[in-house]
2 protein chains.
Amino acid sequence: MEIPSAYLQEAVNQFASLPGVGRKTALRLALFLLKQSNDEVKQFGQAFLNLKEHVQFCKQCHNISDEPLCSICNNPKRDQEQICIVEDLKDILAIESTQQFTGTYHVLGGNISPLDGIGPTDLNIESLLERVSTGGIKEIILALSTTMEGDTTNFYLYKKLSSFDVKVTTLARGVAIGDELEYIDEVTLGRSLVNRLPYESSLKH
Amino acid sequence: MEIPSAYLQEAVNQFASLPGVGRKTALRLALFLLKQSNDEVKQFGQAFLNLKEHVQFCKQCHNISDEPLCSICNNPKRDQEQICIVEDLKDILAIESTQQFTGTYHVLGGNISPLDGIGPTDLNIESLLERVSTGGIKEIILALSTTMEGDTTNFYLYKKLSSFDVKVTTLARGVAIGDELEYIDEVTLGRSLVNRLPYESSLKH
């Protein structure tokens, strides 16, 4: 049987268009909203109208921001000589939560992925090279996913950056804290053996 | 670290207010929307503004509808002498999908649940009794959940309806089709033994 209201059907369709939301969940969510007060539902819908209308992207690092320059780029305490390359905001939040990084970021907006039709020109790479070419940058930290696409993008950036006088580093690969050795894939375990560290370094944190 | 945009934060908060959506999922959904076109996001937000503004409830059965009378109550082919009592629209959709019921419905809007502060007056029970008291109703089918709350509500309705000349029935309880005997709870299995059926009835469908 079809849903007996075109408006409810439309709300269900919209929820179902979100990633990971099926039609049964979408109906459950729409019926939940229908039970809420008028004001609450109005706020709900309005939040998404405002989102697209008012959110900006930092003109330096392309992070999401309410100002032309984001709060990290605008912070005089952050080291402007270090740029950490990330895919999107979620990665910035993850790195910020470690409290181990005091530099700035550059949000690529994705990875190079020919299968998905995403090439270098679809990402914020040109503006990164501009940032580096103006000078004053000492280190670029590649912090992309350790997937095929992430590795491709890392290599592309490494090649592009090699003409500049900057140090290019990447996140350490190795055994995650809490991991049991028997369950680690052999590539990670192999690399962590090759790149083994002096024991004293593990006592630092 | 906080989300660097108040508008994005608000969108995340709104998603996270939905049942079963955590803050990480909410952020993922909001970032997904941010990547969509202006028109798509506008449609998304607008769908929920329209939902609450335009959706009506059928004045006879309280089902969701775009008209004062829903498409089932308004259908001359449906048997107006049978009323199936359900909790909400999801249950109507489930029963309609069986194609075994040709009567009408009455949507209670929930179950009696003192722990959640839901009493009989919070449900569409008064209007059900009115429907029955006007006459012409021959059978009431109780199709509520087989939970403590559903059973309580069933019993309450049964008592209230006993003063009218209507047959009150309930959905058959028993072994679900596809179930393996060893995994069935003993109450269901016991009842299905007590209420055993002539073998021929299982050949009908």
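Refer to the structure above for everything that follows.
Because the structure is predicted, anything quoted here is derived from the model rather than measured. (Residues numbered from 1 in each chain as written. Chains lettered and ligands numbered in written order. Predicted model: local features only at pLDDT ≥ 70, side-chain atom pairs only at ≥ 80, totals over all residues. Heavy atoms only, no water.)

As for the interface of chain B and chain A
As a reminder of what qualifies: Note on contacts: a residue pair qualifies if any of its non-hydrogen atoms lie within 4.5 Å across the two residues. Defined here as a combined quantity, buried area equals the accessible surface (1.4 Å probe) lost by two parts on assembly, summed across both. Every case where a carboxyl oxygen of Asp or Glu lies within 4 Å of a side-chain nitrogen of Lys or Arg is listed as a salt bridge. Definition of a polar contact: a pair of N or O atoms within 3.5 Å, with one able to donate and the other able to accept a hydrogen when the atoms are protein atoms, and with sequence-neighbouring residues admitted only if both atoms are side-chain atoms. Runs of E in the DSSP output that reach at least two residues are strands. Runs of H or I that reach at least four are helices, and both are numbered from the N terminus.
Contact with chain B, which involves 54 residues of that partner, is made by 54 residues of chain A. With both sides pooled, the region where chain B packs onto chain A buries about 5100 Å², and carbon together with sulfur makes up 76% of that total. Linking chain B with chain A are 0 salt bridges. Counting across the chain B and chain A interface gives 8 residue pairs in polar contact (both at pLDDT 80 or more). Contributing elements (two or more residues each) for the side of chain B that touches chain A: α1 (6-16), α2 (23-35), α3 (38-54), β2 (64-65) and α4 (89-96) of chain B.

Focus on the pairing of strand β4 (residues 103-107) of chain A
Residue and element names in this part refer to chain A. The line we're drawing: To sort residues, take the accessible area from a 1.4 Å probe on protein chains only and compare it with the maximum for the residue type: under 20% means buried, over 50% means exposed, and anything in between is partly exposed. At least two DSSP bridges between two strands are required for those strands to pair. Classification remark: right-handed applies to a crossover when, strands pointing away from the viewer, the course from the first strand over the helix to the second runs clockwise.
Of all 5 residues in β4, 5 are buried; the element is thus mostly enclosed. Here strand β3 (residues 79-86) runs beside β4; their pairing, made up of 5 bridges, is parallel. When the bridges of β4 are listed, D79 appears paired with G103. At this point the chain moves from β3, through helix α4 (residues 89-96), to the parallel β4, and the crossover so formed is right-handed.

Some points on the relation of the copies chain B and chain A
Under the convention used in this document: Here the copies are matched by least squares. The fit uses the C-alpha atoms of residues with pLDDT of at least 70 in both.
Superposition record for chain B on chain A: RMSD 0.0 Å, screw rotation 180 degrees, translation along axis 0.0 Å. What the rotation and shift describe, once combined, is the action of a two-fold rotation axis. Taking the C-alpha atom as reference, chain B places G45(B) closest to the rotation axis, 2.1 Å from it.

A closer look at the pairing of strand β3 (residues 79-86) of chain B
When β3(B) meets strand β5 (residues 139-142) of chain B, the two strands line up parallel, connected through 4 bridges. Bridge pairing in β5(B) places Q82(B) opposite E139(B).

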